Amino acid sequence: MNKGEQRYLDLLRDILKNGEEKPVWGNPGVHIKSVFGRQIRFDLSKGFPLLTTKKVFMRGIIHELIWFLRGDSNIKYLIDNDVHIWDEWGYKQYQKSNIKNQKLLNQEEYVQKIKEDKKFAKEYGDLGPVYGVQWRRWPSDGGRTVDQLGWVINKLKDPKQRFRKHLIVSAWNPAYIYEMAPTREKSVALPPCHTMFHFNVLGNRLNLQLYQRSADIFLGVPFNIASYSLLLLMISQIVGIPPGDFVHTFGDVHTYSNHQDQIKEQLKRKPRPFPTVKLNLKVKNIDEFKYEDIEVVNYNPHPTIKGEVTVVGGF
């Protein structure tokens, strides 16, 4: 039995059975059902946790993670690679901009313009200090930036440092959260849901724990599990420590009322064996990974189950 995926399905059932209903900020037509303080884990030596009870968009996961690792905040890289998971946030930023002597584009036109016009993309495709910026270019005093992930990698490469317990990367930067930022221009697109992640070496295995303050269990969490598990594999290769567990710790983990039928369908399905992921062994620097260096092998999922994204989710 696929015990890793079963833990995810058990959490789905837990929310349906024990969750408390809450309103959704800014969307009175939808509510969520939440539980608080849960944890699931996946042993990466037993397969890569890409869920099989519905097909997961792995191509998008890979490109988004590479985008984060570049410290990028402009959605042009994603759009150029036909990944549109951040389009809505970019378009919202564009709508709020002071556009003079121009007709306001619709979202489809906006995306096409980002793809074709580098100058337009530079001006209107930037999301501000989102995840990749906080990971790789954390803004600090005196104009200095801190590469948190680079710092962690250097510690893990050092046999005398790798067992330390403070190898944490934080995305929660109060100065850039929309309610605390001094101006709209300095605020992030949304308060980071993936608050922090923590590397830890036990024995001869590298483990990674994510704390996620807000989690959409049906749409977002399968994506998040695969993304951070892939990050663990990549860092493991770079520092030369075999991968261990990915531990996913949740604050508020919830279902949306407009996903109930989809969840019931997913829970009828029997998990299949997890696939494996092969990385290009020639890559020795985290900044050198490309999409072509990552291969998913033997992924045999049930069909896709579509659900509508609630863009204001996470607040």
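Calculation criteria
Residues numbered from 1 in each chain as written. Predicted model: local features only at pLDDT ≥ 70, side-chain atom pairs only at ≥ 80, totals over all residues. Heavy atoms only, no water. Buried < 20%, exposed > 50% of the residue type's maximum accessible area, 1.4 Å probe, protein only. Helix = DSSP H or I, 4+ residues; strand = E, 2+ residues; numbered from the N terminus. Pairing = 2+ DSSP bridges. Right-handed = clockwise from strand over helix to strand, strands pointing away. Salt bridge = Lys/Arg side-chain N within 4 Å of Asp/Glu carboxyl O. Core = buried A, V, L, I, M, F, W, Y, C linked by side-chain atoms within 4.5 Å. Contact = heavy atoms within 4.5 Å.

S.K.: Please clarify how the pairing of strand β8 (residues 243-256) should be interpreted in this entry.
M.R.: If a strand is regular, its side chains alternate between the two faces of the sheet. The buried fraction of β8 amounts to 13 of the 14 residues, a majority that puts the element mostly inside the structure. Sheet topology places strand β2 (residues 31-43) next to β8; eleven bridges connect them, and they run antiparallel. In the strand pairing of β8, phenylalanine 42 is matched with phenylalanine 246. Pairing analysis gives nine bridges linking strand β7 (residues 205-216) to β8, with the strands arranged parallel. Opposite serine 214, over in β8, you have aspartate 252 as the bridge partner. The parallel pair β7 and β8 is bridged by helix α9 (residues 220-239), and the resulting crossover is right-handed.

S.K.: Whenever I open this one, the pattern of salt bridges confuses me. Can you help?
M.R.: Oppositely charged side chains may form a pair once their charged atoms are brought near each other. Tallied over the full model, the rule gives 14 salt bridges. Measuring nitrogen to oxygen at the nearest pair gives 3.6 Å for the salt bridge that ties aspartate 72 to arginine 70. Look at aspartate 72 and you get buried, because its relative accessible area is 16%. Across the pair lysine 76 and aspartate 80 runs a salt bridge whose closest N-O atoms are separated by 3.3 Å. With lysine 76 and aspartate 80 both in helix α3 (residues 76-80) and four residues apart, this pair spans about one turn of that helix. Overlapping salt bridges, with partners in common, bring together Arg41, Asp43, Arg205 and Asp245 in one network.

S.K.: Whenever I open this one, the side chain of serine 227 confuses me. Can you help?
M.R.: Turning to its location among the elements, serine 227 is positioned in helix α9. Classification of serine 227 as buried rests on a relative accessible area of 4%.

S.K.: Explain the nonpolar core to me, please; I cannot follow it from the model alone.
M.R.: Residues Trp86, Tyr110, Trp135, Phe197, Phe199, Leu230 and Ile235 are the most contacted members of the largest nonpolar core, which totals 86 residues. Broken down by element, this core gets its largest block of residues, 13 residues, from α9. Contact partners of isoleucine 235, with chain neighbours within four places excluded, come to Leu149, Ile153, Leu156, Phe199, Leu206 and Ile286.

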